[in-house]
Amino acid sequence: METRRTALKKMAGALALGAGGFSLETTRANAQSPKKGGTLNFAMNAETPHYDAHGSDTFATLHFAAPFYSTLLKFDLAKYPNVAPDLAESYTISPDKLTYTFKLHSGVKFHDGTPCTSADVKATYDRMRNPPEGVVSSRKATFSDIASIETPDPLTVVFKLKGVNAAMLQHFGSPWNFIYSAKDLAKDPNWPKTNINGTGAFVFVEHVKGSHVAGKRNENYHKKGLPYLDGFKGVFFLQAATMLNALQGGQVQAEFRSVSEPEKARLIQTMGDKIRIEESSWTLNLLVCFNVEKKPFDDVRVRRALVMAIDRWGGSQGLGKISTLRSVGGVMRPGYEMATPEAELVKLPGFSKDIKKSREEAKKLLKEAGHENLTFTLHNRTIAQPYTPAGVFLVDQWRQIGVTVENKQVETAPYLAGLNSGNYDVAIDFSNLFMDDSSLALAKYLSIDRSPANRSRSKDPELDRIYDAHMRETDPKKRQAMIQAFEKRLFEQAYQQPLLWWYRMVATHKTVMGWHMSPSHNLGQDLVGVWLNA
């Protein structure tokens, strides 16, 4: 555990040193006394297909709904990567690290006026770890180590684990773990998909589809004096140019996901010292994902040929200049101590620096499989950054081995519906992590019956076996070796594979205070401590 904490702190230090936005100006500004009042308007370049964070892995759901909900713990972004109490007032961990006990704040109420107790926390976590029929939980694999949940009194929740999980405390701080009302879930297990009833700092006002989501201050919020804002409005922008115009014109004061390099340059040039840009490496990547239930992508030779045709090293140079895509890496973020070193990564299918040789091998594999003139449609998302340039890049890469591809982009709701239902052949997917952790990163690639987030729909008992063994391994070197064995198996089978990792550049007006940058766009979106210096 100490090794992991040390690694996380080192990562946080590296991020701070490498991020131009973590400036003295920002530090001084955040030291000012917060002011109450005002409405924060911020941009979102995607609209959530539903409201349920438990069954989602897109930022569109969190940026939309996080202000309305609490989680047991949350990441303390001023001291990242530490976690701090949220709905919990305090917590203890047993010496054997198999029992986690949380004491909840008293007097907390859901927005409908009903009290929030340990029964609601238990119902929430039971739904995530063992979802009822018809409910999708993207957190199922994450919380599979929970053996039982006890509620000895209304303000105490006790989690007992099957085995030691070094990342469990951070998993309790996951922004996806919205606490739902047991009453609502008993009425309909899928109630949170279309309704909102949380204990968060803001109360839901309205969702106007295609336009915005709005919330107002929760006057009964359990943390006294918070939030500072009177309310917020998240405005949906499907066109990047329109969003930039709104930022420049002051119609919105922030875009909390990321802008691209050209967009950053434009904002700095036109707004000068009125705009703040904060930068960080990003725990997020795009994936090339093959539906193994569809022919010919049930043939490993076809899948391997397609990943071997991609020049990631050259692509990182060109795409880094025009998009948020930046770094070449495997299943763990490049630079993280558990990531596969470049010297080993280049030996794996799809990561060779000798692209000419790699493409010749790819052509041979397609010929051997009987698909020299392969044609298919790439299922992609309409979000301009970085999905559009990524799609254009892949079409060109595959053209160079004689494969014809149509880059078909659809809006977020049908895009995710297609991925989740398997209604696609090849897709651009994503691995959206809220922290560097192998139990979180590798879970996406487990067999589909264990991990609904595995959009390739593959079933691989060997990957499952390696994952389970690595979860119980406490020696860092042995754990890293297991991660690399997992990665080798995954890439040789080519079910899905990272294209490139992203780089984050957040633009906010300098009137926006109390928001903290992090390497994940999933964190910090409850807006509890944000205020306007206007």
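It should be noted that the structure appears before, not after, this text.
Here is a short report on the structure shown in this document. These numbers come from a predicted model, not from an experiment. By convention here, each chain's residues receive numbers from 1 onward along its written sequence. At least 70 in pLDDT is required for a residue's local features to be given in this predicted model, at least 80 for side-chain atom pairs to be given and counted, and no such filter applies to totals for whole chains, interfaces and linings, which use all residues. Heavy atoms throughout the structure, all of them, feed into the side-chain values; hydrogens and water do not.

**Let's talk about the packing of aromatic side chains**
For any pair of aromatic rings, geometry is given as the distance between the ring centres together with the angle between the planes.
For step 1, the next point in the chain: Pairing of aromatic rings covers Phe, Tyr and the six-membered ring of Trp, with a centre-to-centre limit of 6.5 Å; geometry is then stacked below 30 degrees between planes, edge-to-face above 60, and tilted otherwise. Inspection of the entire model under this criterion finds 31 aromatic pairs.
For step 2, the next point in the chain: Aromatic pair Y100 and F172: ring centres 5.6 Å apart, planes at 55 degrees, arrangement tilted. Separated by 72 residues along the polypeptide, Y100 in strand β5 (residues 99–104) and F172 in helix α5 (residues 168–172) bring together distant segments of the chain. A single burial state applies to Y100 and to F172, both of which are buried. To qualify as a helix, a DSSP run of H or I must reach at least 4 residues; to qualify as a strand, a run of E must reach at least 2; elements of each kind are numbered from the N terminus. Think of it in three bands: with a 1.4 Å probe and only protein chains considered, a residue is buried below 20% of the maximum accessible area for its type, exposed above 50%, and partly exposed in between.

**A word on the side chain of D86**
For step 1, the next point in the chain: With respect to the element layout, D86 can be found in the loop between β3 (83–85) and β4 (88–93).
For step 2, the next point in the chain: For D86, the residues in contact, after removing those within four places along its chain, are S70, T71, L72, L73, K74, H105, Y221, H222 and K223. Pairs of residues are marked as contacts when any of their non-hydrogen atoms sit within 4.5 Å.

**So, the environment of N432**
For step 1, the next point in the chain: Structurally, N432 can be placed in strand β16 (residues 426–432).
For step 2, the next point in the chain: Separated by 51 residues in the primary sequence, N432 and R381 place their C-alpha atoms 15 Å from one another.
For step 3, the next point in the chain: Excluding anything up to four places from it in sequence, N432 contacts D57, T58, F59, W176, T283, L284, H521 and N522.
For step 4, the next point in the chain: Counting of polar contacts relies on pairs of N or O atoms within 3.5 Å, with two restrictions inside protein: one atom must be capable of donating a hydrogen and the other of accepting it, and residues adjacent in sequence are counted only when both atoms are side-chain atoms. One polar contact links the side chain of N432 to the main-chain carbonyl oxygen of D57, over a distance of 3.0 Å.
For step 5, the next point in the chain: A polar contact is formed between the side chain of N432 and the side chain of N522, at a distance of 2.9 Å.

**A word on empty space enclosed by the protein**
For step 1, the next point in the chain: Each cavity reported here is a set of points on a 1 Å grid over the protein atoms alone in which a 1.4 Å probe fits but cannot get out, each pocket an open set with protein on both sides within 12 Å along at least five of seven lines, and each lining residue one with an atom within 4 Å of a point. Grid points are joined across faces, edges and corners, and a volume is the space filled by probe spheres set on the points. Within the structure shown, the criterion is met by five cavities of 30 Å³ or more.
For step 2, the next point in the chain: There is about 220 Å³ of room inside the largest cavity.
For step 3, the next point in the chain: Going through the elements one at a time, β16 and α15 (438–443) are the ones with two or more residues in the lining of the largest cavity.
For step 4, the next point in the chain: By the convention adopted, Pro, Cys, Tyr, Trp, Phe, Met, Ile, Leu, Val and Ala count as nonpolar, Lys, Arg, Asp and Glu as charged, and the other residues, Gly among them, as polar. Counted by class, the lining of the largest cavity contains nine nonpolar, five polar and three charged residues.
For step 5, the next point in the chain: Volume-wise, the second largest cavity comes out at about 120 Å³.
For step 6, the next point in the chain: A per-class count over the lining of the second largest cavity returns seven nonpolar, four polar and two charged.

**Structural notes on helix α4 (residues 118–129)**
Since the α-helix packs 3.6 residues into each turn, any two residues three or four apart lie on the same face.
For step 1, the next point in the chain: How far a helix is expected to stretch is found by multiplying one less than its residue total by 1.5 Å. Between its first and last C-alpha atoms α4 spans 16 Å; for 12 residues at 1.5 Å apiece the expected length is 16 Å, and the two agree.
For step 2, the next point in the chain: Close packing links the buried residues of α4 with β5, β6 (146–153), β7 (156–161), α5 and α6 (182–187).

**Brief notes about the pairing of β16**
For step 1, the next point in the chain: In terms of burial, β16 is largely enclosed, as seven of its seven residues are buried.
For step 2, the next point in the chain: Neither face of β16 is open: one carries V426, I428, F430 and N432, the other A427, D429 and S431, and all of them are buried.
For step 3, the next point in the chain: Here the rule is simple: two strands pair whenever DSSP picks up at least two bridges between them. Two elements, strand β12 (residues 275–290) and β16, share seven bridges in a ladder whose sense is antiparallel. Its bridge partner being in β16, L284 is matched across the sheet by N432.
For step 4, the next point in the chain: Bridging between strand β14 (residues 375–381) and β16 involves two bridges; their strand directions are parallel. When the sheet's bridge partners are listed, H379 is paired in β16 with A427.

**Examining the pattern of salt bridges**
For step 1, the next point in the chain: Take a side-chain nitrogen of Lys or Arg and a carboxyl oxygen of Asp or Glu: if they are within 4 Å of each other, that pair is a salt bridge. In the structure shown here, the tally under the stated rule is 31 salt bridges.
For step 2, the next point in the chain: Of the charged contacts in the structure, one is a salt bridge between E261 and K264, with a shortest N-O distance of 3.5 Å. Residue E261 and its partner K264 are both found in helix α8 (residues 261–271); the two are separated by three residues, about one turn of the helix.
For step 3, the next point in the chain: Take K264: its relative accessible area is 14%, and that puts it in the buried class.
For step 4, the next point in the chain: A salt bridge links E261 to R326; its shortest N-O distance comes to 3.1 Å.

**A short note on the layout of surface pockets**
For step 1, the next point in the chain: Considering only enclosed or pocket space, the largest pocket measures out at about 640 Å³ in volume.
For step 2, the next point in the chain: Taken together, 33 residues make up the lining of the largest pocket; nearest its centre are K74, F75, D526, V528 and G529.
For step 3, the next point in the chain: Grouping the amino acids of the lining of the largest pocket by side-chain chemistry returns 17 nonpolar, 11 polar and five charged.
For step 4, the next point in the chain: Put simply, the second largest pocket is a space of about 410 Å³.

By themselves, these are just geometric observations and shouldn't be taken as functional.
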